[in-house]
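Residue-level structure breakdown
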Amino acid sequence: MSVGILAHNVGTLPYAELAKQVGAKQFKYVQLALSKAITDVDCSLGKLSPGLANTIAEAFDKHGVSIPVLGCYVSLVDLDDANYRHNVDRFKEHLRHARHFGTAIVATEVGVPETDQRDRHWQRLRSAVEELVEEAEKWGAIIGLEAAQRHLIGTAEELAQIIDEVPSSNIGVVMDPCNLLNQDNYERREEVMQEAFRLHGHRIVSIHAKDVRLDDNGKLQTVSSGLGNLNYRMFMELVQQHKPKVHITMEGVEHQNMDFSRDFVLRQLAEL
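Residues numbered from 1 in each chain as written. Predicted model: local features only at pLDDT ≥ 70, side-chain atom pairs only at ≥ 80, totals over all residues. Heavy atoms only, no water.

This part covers the packing of helix H5 (residues 81-101) against helix H6 (residues 118-139). As a packed pair, H5 and H6 sit with axes 10 Å apart at the nearest point and diverge in direction by 25 degrees. If you check the angle between H5 and H6, you find them roughly parallel. The element H5 and its partner H6 pack so that their crossing is right-handed. On H6, the residues touching Asp-81, Tyr-84, Arg-85, Val-88, Asp-89, Phe-91, Lys-92, Leu-95, Arg-96 and Arg-99 of H5 are Arg-124, Ser-127, Ala-128, Glu-131, Leu-132, Glu-135, Ala-136 and Trp-139. Of the residues contributing to the contact of H5 with H6, the split by class is eight nonpolar, one polar and nine charged. (Axes fitted to C-alpha atoms, helices over the stretch in contact; angles between N-to-C directions. Helix = DSSP H or I, 4+ residues; strand = E, 2+ residues; numbered from the N terminus. Parallel < 35°, antiparallel > 145°, perpendicular 65-115°, else oblique. Left-handed = near helix turned anticlockwise from the far one by under 90°. Contact = heavy atoms within 4.5 Å. Nonpolar A, V, L, I, M, F, W, Y, C, P; charged D, E, K, R; others polar.)

If you want it as structure tokens, here you go:
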């Protein structure tokens, strides 16, 4: 058994040094968001190539680390035409080159609306997903959509809606139960998690693992795995039930908690 980590949680570094540090932390794989993690290579739109992808992947492989998911965190709901076009084109470029990193999955949250014009933002999102699906189907790639609070898609139900509107087997789900929780539904967190797996268990392509708790002022905060109140036994049981052996990637973990949280997740898996 093994767990991975978001590469930029380890650091924003030259890719060879980042690969070395990930391996030293005993993580076997990463979700790699190029723009967030790598400092010594220009990975902006138009710069990706099979050679660059192979070079980065080989650096991680040297330290026993694979790259099962690329992160391309762009807004797919931006109402500015130039920004929208750049973001969609950047995501499409990731889909075309994903296989050269050793994966087929490119993941994103969909974007936070900057206005209250929900219908306009939703139409943007639908147009983007339709275009990305066409590209993904050409290249045998998977779009990993992740729901997150404040984003246009912030609930499991909203994620189900866009998948229903743009039906394609090339859309997968990145499952993060903590992203679905807010101040209002925190006390129902087990119910929220169970419903998310009921709706999307068959589409999961990756799992994000972190934790949640209330701070001293009663405000919801995210913390490293094992330091909060998420029912991790239920979480891992649902993962095992729906997608055994799926990649489980730790997120939002501070350096001082990495060993503890990694071992906590591994222990939860071992006890199933």
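Another aspect to go through is helix H8 (residues 189-200). Between its first and last C-alpha atoms H8 spans 16 Å; for 12 residues at 1.5 Å apiece the expected length is 16 Å, and the two agree. Buried positions along H8 lie against helix H7 (156-165), strand E6 (171-175), strand E7 (204-209) and helix H9 (232-242). (Expected span 1.5 Å × (residues − 1).)

With that settled, consider the pairing of strand E5 (residues 142-146). Most of E5 is tucked away: four of the five residues are buried. Pairing of strand E4 (residues 105-109) with E5 involves five bridges; the strand directions are parallel. Paired with Val-106 across the two strands is Ile-143, which belongs to E5. Assessed by its sense of winding, the connection that carries the chain from E4 through H6 to E5 is right-handed. Across three bridges, the pairing between E5 and E6 is parallel. In the sheet register, Ile-143 faces E6, and the bridge partner there is Ile-171. For the segment spanning E5, H7 and E6, crossover handedness is right-handed. (Buried < 20%, exposed > 50% of the residue type's maximum accessible area, 1.4 Å probe, protein only. Pairing = 2+ DSSP bridges. Right-handed = clockwise from strand over helix to strand, strands pointing away.)

Another aspect to go through is the pattern of salt bridges. Going through the model one piece at a time under the given rule, you end up with 16 salt bridges. For Asp-81, the salt bridge identified is with Arg-124, shortest N-O distance 2.3 Å. With Asp-81 in helix H5 and Arg-124 in helix H6, this pair connects stretches of sequence that are 43 residues apart. The buried category is assigned to Arg-124, whose relative accessible area is 18%. Between Arg-262 and Asp-263 there is a salt bridge; the shortest N-O distance is 3.2 Å. (Salt bridge = Lys/Arg side-chain N within 4 Å of Asp/Glu carboxyl O.)

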